There are 2 protein chains.
Amino acid sequence: VRALVVREGGVSITDVPAPVARGETIVRVAMSGICNTDLEIARGYAGFRGTLGHELVGVVESSEDGAAIGARVVGEINAGCGRCALCESGDPRHCRARTVLGIVNRDGAHAERVRLPARNLLRVPDTIADRHAVFAEPLAAACAIVERIPVGADTRVAVVGDGKLGLLCVQVLAARGARPVLYGKHASKLAIAEARGIEGCSFVEEHARLGTYDVVVEASGANAGFGAALALLRPRGTLVLKSTFHGATEIDSARVVVDELTIVGSRCGRLADALALLDARAVDVESLVSDVMPLARGEEAMRRAEEAGVLKVILQA
Amino acid sequence: VRALVVREGGVSITDVPAPVARGETIVRVAMSGICNTDLEIARGYAGFRGTLGHELVGVVESSEDGAAIGARVVGEINAGCGRCALCESGDPRHCRARTVLGIVNRDGAHAERVRLPARNLLRVPDTIADRHAVFAEPLAAACAIVERIPVGADTRVAVVGDGKLGLLCVQVLAARGARPVLYGKHASKLAIAEARGIEGCSFVEEHARLGTYDVVVEASGANAGFGAALALLRPRGTLVLKSTFHGATEIDSARVVVDELTIVGSRCGRLADALALLDARAVDVESLVSDVMPLARGEEAMRRAEEAGVLKVILQA
């Protein structure tokens, strides 16, 4: 089958053997989304080798559960060992022996077929188009914010970074009843939030609200965004780190101690939360689609996803 | 009056004008303790100029409250504006207009006399000797850990750094019912904790418990300690930052996100908590006293406090 494969030296569209079920489920991929993490992995982060991609929607092609065949599904990316205490509690996201779709020891979704455990798959309501369902994974990651810290109508909350992750985070916060402010550099991206009634703010113009936010979500993926996010926080405020910067990040730890800040790392959410938001049309993902390109043009699509001003690039398998 | 004063270029024992009450209380200092923060300030951190010192015990010499005169007291170091919401709630520790004893815009306690607002002073029970009462401020800082995060008998908790701050932190955690492990490099210092029934561990020998602690307190004040503290944490664990590193600290932010760690800055505690622990003899501070030296030898005392193996150096005014 055709797949977008990372090897030493870069990514390429390659013919690879079709995945074999071995007790898991084979999904025929309809669409897969390119994430910034894909771009980092392609640059060599984490030493992953294999098929990229962890955002997908597809149709079950083969399964030990015959009734599942033909179902349209999205997939949780963490595949746990199934036996440890975390897995037994139904949350394999921190299982130490986990594989992670297209990230850790498991071939990913930028391919015609992908293999996942049956328990990782969730059926997609008919109300949600493929090009929206493919956002379930990153939208779930945005939902993970509110899984880790309470955010309500009275929380002064900001999101730093107007890329696709920031635009999802700010919409999730708004859907949860908060009135977040989005800080970014791109008028066209801020406008997407503003169209949803969310205040957008060019960071360089901000002075009045420095040091005032209870919670700031760092979603820019840039060191400068990290510093900006800290500057927005009040004493005893909380910084939620959503984006991974690879390599070391410099922090002003004296500021963290003196102002008694809290920094909370946040990674994967629950796809069910994301599907519920999409089903309720509580978030706009359509505005985040920059391109839909055939999988065969995957290398070009990766370059496209890196361009300034581009949001989500979707591959069609 | 004699005082240990920071100026451009270093610290020196100097004769300075006696403090004038201006509605506050004048305390005749009996003893003051040298903190690592004093050493950092003497190196130029934070641009402070004036009398150093923020750990003291003394006797009220003049006060608008006549009944207070002659009382033996310790002093909270944050002096708030008295009018903002934080101050009105009784917690000036994050008042934006605060002065901080010997740290921010307020002459400190390495002096024969010191001035503080009456509301900052707490009477010391007769059961507590001066050389122990002078630990109230750093011991309160150790108590601040449990003010910010829950720690109980079932919490797997470690302290990194066997200096005076680490030794106070680990004893507070033990007094709160936890069974902390102290990681350090100095057998003689680990032995102080071990004498209290607290497990001491040479960090270089530790491999088995990497990635297993729920909570790790960083009290080493060193970048290496910060990295070591992160390495001890389990996924979704909490790092409590007690010591300030001046200059930028490098963190592996990808680790913070992927393992969803929480980092909590922690600064000042409440002196009442510390006095209660001292009164109950729930912590051993006597073993932390390396030297008691006259204020007149303050410059030598500062050098002494920087020597390897030395714990608390106390000045006697």
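Each value, and the rule that gives it
Numbering of residues starts from 1 in each chain and follows the order in which that chain's sequence is written. Chain letters start at A and ligand numbers start at 1, both assigned in the order the entries are written. Per-residue local features of the predicted model are confined to residues with pLDDT of at least 70, and side-chain atom pairs are confined, for both listing and counting, to 80 or more; whole-chain, interface and lining totals are unaffected and use all residues. With hydrogens and water set aside, each side-chain value is computed from the structure's full complement of heavy atoms. By definition, pLDDT measures how confident the predictor is in each residue, and it falls between 0 and 100. Working rule for contacts: check all heavy atoms of both residues, and any pair within 4.5 Å makes them a contact. Simply put, the buried area is the total loss of 1.4 Å probe accessible area from both parts when two parts are fitted together. As used in this structure description, the phrase polar contact means that two N or O atoms lie within 3.5 Å; if the pair is within protein, one of them must be able to donate a hydrogen and the other to accept it, and residues adjacent in sequence are counted only when both atoms belong to side chains. A run of H or I in DSSP counts as a helix once it spans at least four residues, and a run of E counts as a strand once it spans at least two, with each numbered from the N terminus. For this classification, the nonpolar set comprises Ala, Val, Leu, Ile, Met, Phe, Trp, Tyr, Cys and Pro, the charged set comprises Asp, Glu, Lys and Arg, and every other residue, Gly included, is treated as polar. Strands pair, by our definition, only if DSSP identifies at least two bridges between them. The cut-offs for exposure are 20% and 50% of the maximum accessible area for each residue type, with area from a 1.4 Å probe on protein chains only; residues under the lower value are buried, those over the upper are exposed, and the others partly exposed. An axis is simply a line fitted to the C-alpha atoms; with a helix, the fit covers only the stretch in contact. Between two such axes, the angle follows the N-to-C directions and lies from 0 to 180 degrees. Here the word oblique covers every angle except those under 35 degrees (roughly parallel), over 145 (roughly antiparallel) and from 65 to 115 (roughly perpendicular).

### Topic: the confidence of the model for chain A
Summing up the model confidence of chain A, the mean pLDDT is 94 and the portion of residues at 70 or higher is 98%. If you check the scores for this complex, the pTM reads 0.92 and the ipTM reads 0.91.

### Remarks on the interface of chain A and chain B
Between chain A and chain B, the contact holds 37 residues from the first and 37 residues from the second. Approximately 3100 Å² of surface area, both sides summed, lies buried where chain A meets chain B, with 53% of it carried by carbon and sulfur atoms. Of all residues in chain A, the largest losses of buried area upon contact with chain B belong to His 94, Val 257 and Glu 260 of chain A, amounting jointly to 19% of the total for that side. Along the contact surface separating chain A from chain B lie 15 residue pairs in polar contact (both at pLDDT 80 or more). Mapped onto the side of chain A that touches chain B, the elements with two or more residues apiece are helix H4 (136–148), strand S15 (233–241), strand S16 (249–251), helix H8 (253–258) and strand S17 (262–265) of chain A. Looking at which element gives the most residues to the side of chain A that touches chain B, the answer is H8 of chain A, with five residues. Its residues assigned to classes, the side of chain A that touches chain B shows 14 nonpolar, eleven polar and twelve charged. For S16 of chain A and strand S16 (residues 249–251) of chain B, the ladder comprises three bridges, and the chain directions are antiparallel. In the sheet register, Ile 251 of chain A faces S16 of chain B, and the bridge partner there is Thr 249 of chain B.

### Focus on unusual backbone geometry
Residue and element names in this part refer to chain A. Residues other than glycine seldom take positive phi values, yet Arg 236 does so here, at roughly 65°. Examined against the element boundaries, Arg 236 turns out to sit in strand S15. Its relative accessible area of 25% is what places Arg 236 among the partly exposed residues. Positive phi, close to 55°, is recorded for Arg 281, a residue that is not glycine. Here Arg 281 is to be found in the loop between helix H9 (271–279) and strand S18 (289–294).

### A few points about the packing of H4 of chain A against H9 of chain A
Residue and element names in this part refer to chain A. H9 packs onto H4 with a crossing angle of 105° between their chain directions and a minimal axis gap of 8 Å. Taken as axis vectors, H4 and H9 run roughly perpendicular relative to one another. Contacts between H4 and H9 involve Ala 136, Glu 137, Leu 139, Ala 140 and Cys 143 from the first element and Leu 271, Asp 273, Ala 274, Leu 275, Leu 277 and Leu 278 from the second. The class makeup of the residues in the contact of H4 with H9 is nine nonpolar, no polar and two charged.

### Section: the pairing of strand S5 (residues 55–62) of chain A
All names here are of chain A. Of the strand pairs in this sheet, strand S3 (residues 25–34) and S5 are connected by seven bridges, and their pairing is antiparallel. By the bridge assignment for S5, Arg 28 is matched with Val 59. Here two bridges tie S5 to strand S6 (residues 72–75), and the two strands are oriented antiparallel to one another. Note that in S6 the partner of Val 59 across the bridge is Arg 72.

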